[in-house]
Amino acid sequence: MFLLILRIFVVSEAFTLLQGVPIFEPVGCYLDSGTSPRPMPLLLKDFRPEMNWNNIEAVIKQCASLAYNRSFSYFGLRYYGQCWSGATADQTYSRDGPDKRCVRGVGLESTYFVYKFYDYSHQVPGCNMVWKAQDNFCFLVSANYSSTENKMKEYCQKSEGDLYYATNKSAFRLLEQFLYTIVSSANGGKSSQCIVVGLLNASSFSNLPLTQQNKSNSMTHICATRLPSQWKLQGCLVNSCHHLCIAPRDISPVSGTFIQHATDAAFTGHMITSLLVDDVTVCARECLLYRNCVSFNFEYLPTGGRELMSSGRVCELNDEIRDNCWAKFHRRNNYKYYERLQL
């Protein structure tokens, strides 16, 4: 009966992101002895009849797109324009040994030049280790309190970032989204937090979107303090809380197709991360960036009682799909469930 109810929610909505492919990196040049099965077992496409020989980089990117859309982690260019890959290519590409006969990032008649997609499964895509991501930026919460603002700037610069202060409503919206990410990844938000988020002045403090409290003439900065169930702003001193560092997020455009399988339902128990996003396409982009993400839950209508409701919709990335674990697929109002189309 429960399965039947869920099937009522299924609709035929789908969308595609066509903006390129994630970051891939060269592995090297390898021999193909011609023995079957080949080290790269599957020919995805032979681009030679149609390729622009003056723009081989375009062929490499097209091959990467084909491999990525098949969820293959390794791919190679053989005979200048033949695109090869396969489900086992990551294990067999080097079977016949390394070779030196490759040119301009592609192999010759009996060689492959091999590439692999950057593995984001154990790291936030586009950010250095221990950093967290929000939209097109990476954030780092300082490990220690600092006695002066200059020392905090030095700390961020050594970590390859800059000190972050929110100075307007747009910047605070990004901050709110990041604060949500902190809570969703820190023991359900039960741990205490205190972060310096800006300089204190009467005009900016009165317009901040977070709940406000405790303004004092002796304070110099604004801190976001995590109470048992809510972030609140209050006046503070520069050395009373952690600080935030910010850096540009190093990500390439991604491509892929998602199909909406259910409305007012969500898949649970396999969440990679939860974040706030502006729309469903941003949620889909995040899923594509994580190599182990195969589905996501998207909050299409604001859910009553949720914290920071004005700062975006909840996006939950999953490393499993519904059909492999129906017991963890449940009704949840105001959410839609999407799966990545495996071509």
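In case you missed it, the structure is sitting above this.
Treat the numbers as computed from the prediction; the structure is a model and nothing was measured.

1. Side note on the overall build of the protein
- In terms of regular secondary structure, the protein is built from seven helices and 21 strands.
- The contacts of the protein with a sequence gap of at least 6 include a subset with a gap of at least 24, amounting to 74%.
- Here the protein displays about 16,400 Å² of accessible surface, and carbon together with sulfur accounts for 52% of that area.

2. Overview of the state of the cysteines
- A complete count under the given rule lists eight disulfides for this structure.
- Bridging Cys-29 to Cys-102, the disulfide has an S-S length of 2.0 Å. The disulfide joining Cys-29 to Cys-102 has a torsion of about 80° about its S-S bond and is therefore right-handed. Of this pair, Cys-29 sits in strand S2 (residues 24-31) while Cys-102 sits in strand S6 (residues 102-103), placing them 73 residues apart in sequence.
- Sulfur-sulfur distance for the disulfide between Cys-283 and Cys-315 comes to 2.0 Å. Its S-S torsion of approximately 80° makes the covalent link between Cys-283 and Cys-315 right-handed. Here Cys-315 lies in strand S20 (residues 313-318) and Cys-283 lies in helix H7 (residues 280-289), a separation of 32 residues in the sequence.
- Accessibility expressed as a relative area gives 0% for Cys-283, which makes it buried.

3. Some details on the pairing of strand S18 (residues 271-277)
- Among the seven residues in S18, five count as buried, and that is most of the element.
- Pairing between S18 and S20: six bridges, direction antiparallel. Its bridge partner being in S20, Leu-275 is matched across the sheet by Cys-315.

4. Considerations on the environment of Ala-262
- Along the chain, the position of Ala-262 falls in strand S17 (residues 255-267).
- Looking at Ala-262, the relative accessible area reads 0%, which means it is buried.
- In sequence terms Ala-262 and Tyr-337 are 75 residues apart; their C-alpha atoms lie 5.2 Å from each other.

5. Some points on the side chain of His-221
- By secondary structure assignment, the location of His-221 is in strand S14 (residues 221-227).
- Overall, the relative accessible area of 5% leaves His-221 in the buried class.
- Here Tyr-165 takes part through its side chain, which lies 3.4 Å from a polar atom of the side chain of His-221.
- One polar contact links His-221 to Thr-220, side chain to side chain, over a distance of 2.8 Å.
- Setting aside its immediate chain neighbours within four residues, His-221 contacts Glu-149, Tyr-165, Val-196, Gly-198, Leu-199, Leu-200, Gln-234, Gly-235, Cys-236 and Val-238.

Conventions and cut-offs
Residues numbered from 1 in each chain as written. Predicted model: local features only at pLDDT ≥ 70, side-chain atom pairs only at ≥ 80, totals over all residues. Heavy atoms only, no water. Helix = DSSP H or I, 4+ residues; strand = E, 2+ residues; numbered from the N terminus. Contact = heavy atoms within 4.5 Å. Areas by Shrake-Rupley, 256 points an atom, 1.4 Å probe, with all protein chains shown as cover. Disulfide = S-S within 2.5 Å. Buried < 20%, exposed > 50% of the residue type's maximum accessible area, 1.4 Å probe, protein only. Pairing = 2+ DSSP bridges. Polar contact = N/O pair within 3.5 Å; in protein donor to acceptor, adjacent residues only side chain to side chain.

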